[in-house]
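Survey of secondary and tertiary structure
Residue strings, one per chain:
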Amino acid sequence: MSVFSHFRGCLRDYGGIMSALGSDSWWKKTLYITGGALLAAAAYLLHELLAIRKEQELDSKDAIILHQFSRPKNGVPSLSPFCLKIETYLRMMDLPYQNYFDGKLSPQGKMPWIEYNHEQASGSEFIVDFLEEKLGVNLNNNLTPQERAVSRAITKMVEEHLYWTIAYCQWVDNLEETQKLLAMSGPLSDTLKWLLSRLNGSMVRREMYGHGIGRFSKEEVYALMEKDLRTLATLLGDKKYFMGSKISTLDATVFGHLAQAMWTLPGTRPEQLIKGELINLAMFCDRMRRRFWPEWFVEVEDLYYDGDSECSSSGGGVSPTGLFSRTDTLDDSDASIHSAGHTQARAHSPDSDQSLFDSDVGTGSDNDVQLKDEQIPDLEV
């Protein structure tokens, strides 16, 4: 993405605001113009920091290249529910992939996006469709038509409704705390984090308003969030996964969103609900974390809410570099989620800002192996 693209994006963000200032006094217009210039400068500086590393030509032949945002500071793999969804999905399918935390958006302006055999796919739903077509994999093979329909309906509730309420909690109501999680270094890091978080918060507000959910009060937004969380808790019940013992794409979707409330929003209403009254959602999140993110460590106390927000900050973390293989975490009887008809891609991880998920687990097309019972710590408060 060029410097001019960054400038165009910033100016586009402020275009709608400026058009609504016709009757405002000159000093208000000056403030908005100054703010736009500052944000444009921030985008330029961020671009320059990202460009310090020499650009490398990516060869995606038989290799899945996953472009996503940088790892946040608190150990959670991503502050984006969609990035976390896709990376978790790749691990569930046991597909080798190479992470690129380059901040580069797809041609459609999306994040995450992937490259494979010199083809691109962006948007989490289209990424899954693309991989199913190109690699012959399918995480939902054993679902009935009715279960697939239910899964899609829940997915749309989570991605088109719950997503906005979580984004509001992250980037509007708790902007200062979210800002601290941004991973950025250098002499201007604090300034860049401040400007970037405000820009993102402004975009979330505007997009929420366009969606319609942003036209409600804070109390109403949280009321909608609570209804969605209670619906998910009821649907999950006492099952291990949302479709019972059959793990599916839906689990990656819900995990990507609930993990934001579970581990990035200490002391907030969604965290209190998930770790308290709706404890089955917390147990689901921890089950997914331990099965597919064994290098992501948290304290046992971090799995429930006791009224002390300090206990809600996650411990441990996920390294952005190195190799990871699920073969080190599974017994022979604990078969992986199988895939069929694809070539195991091997890719190198030459730079410190890239990581590789690699595995030697065999592939198939079953996905009907009963998942081994996992011991869950006593989470009752």
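Residues numbered from 1 in each chain as written. Predicted model: local features only at pLDDT ≥ 70, side-chain atom pairs only at ≥ 80, totals over all residues. Heavy atoms only, no water.

Focus: the confidence of the model for the protein chain
The cut-off we apply is this: One number per residue, pLDDT, summarises how confident the predictor is, and it ranges from 0 to 100. Two residues form a contact once any of their heavy atoms are found within 4.5 Å.
Residue-level pLDDT values for the protein chain average 75, and 63% of them are 70 or greater. With pLDDT under 50 throughout, residues 1-8 is counted as low confidence; its partners more than four residues away or in other chains account for 12 contacts. Note that residues 13-23 has pLDDT below 50 and, in this model, 13 contacts with residues that lie over four places away or in other chains.

Things to note about the pattern of salt bridges
Here is the rule: Salt bridge, as used here: a side-chain nitrogen of Lys or Arg that lies within 4 Å of a carboxyl oxygen of Asp or Glu. Each helix corresponds to a stretch of at least 4 residues labelled H or I by DSSP, and each strand to a stretch of at least 2 residues labelled E; elements are numbered beginning at the N terminus. Each residue is assigned to one of three classes by its accessible area relative to the maximum for its type, calculated with a 1.4 Å probe on protein chains only: buried under 20%, partly exposed between the two thresholds, exposed over 50%.
Per the counting criterion, the structure on display carries 17 salt bridges. Between Arg152 and Glu125 there is a salt bridge, with the nearest N and O atoms lying 2.7 Å from each other. One end of the pair, Arg152, is in helix α5 (residues 145-173); the other, Glu125, is in helix α4 (residues 124-135), with 27 residues separating them in the sequence. Here Arg152 falls in the partly exposed class, since its relative accessible area comes to 45%. For Glu125, a relative accessible area of 30% gives the class partly exposed. With a closest N to O distance of 3.2 Å, Asp173 and Lys218 form a salt bridge. Of this pair, Asp173 sits in helix α5 while Lys218 is found in helix α8 (residues 218-236), placing the two residues 45 residues apart along the sequence.

What to know about the pairing of strand β1 (residues 64-67)
Looking along a regular strand, one sees the side chains alternate between the two faces of the sheet. Definition in use: By definition, two strands form a pair when at least two bridges between them are found by DSSP. If you view a crossover with the strands going away from you and the path from the first strand over the helix to the second runs clockwise, you call it right-handed.
The two faces of β1 match: Ile64 and Leu66 on one face and Ile65 and His67 on the other face are all buried. Pairing between β1 and strand β2 (residues 97-100): 4 bridges, direction parallel. Bridged to Ile65 within β2 is Gln98. As for the winding sense of the linkage, the β-α-β connection from β1 through helix α3 (residues 81-92) to β2 is right-handed.

Focus: the pairing of strand β4 (residues 119-122)
In this structure, strand β3 (residues 113-116) lies alongside β4, joined through 4 bridges in antiparallel fashion. The residue of β4 that forms the bridge with Ile114 is Ala121. Hairpin connection from β3 to β4: 2 residues lie between these consecutive antiparallel strands, with Asn117 at a positive phi of about 50°.

Looking at α8
Residues spaced three or four apart along an α-helix face the same direction, because each turn holds 3.6 residues. Test applied: Multiplying 1.5 Å by the residue count of a helix minus one yields the expected span of that helix. To be clear, the arc concerns the directions from the helix axis to the C-beta atoms.
With 19 residues, α8 should cover 27 Å at 1.5 Å per step; its first-to-last C-alpha distance of 27 Å lies within 8% of that length. Inspection of α8 places Val221, Tyr222, Met225, Asp228, Leu229, Leu232, Ala233 and Leu236 among the buried residues, and these make up the whole buried set. One side of α8 carries all its buried residues, which in axial view fall inside an arc of 140°. Opposite the buried face of α8, at more than 90 degrees from it, the exposed residues are Glu219, Lys227 and Thr234. At its buried positions, α8 is contacted by α5, α9 (249-263), α10 (269-275) and α11 (279-292). Once α8 ends, the next one or two residues include Gly237, with phi positive near 55°.

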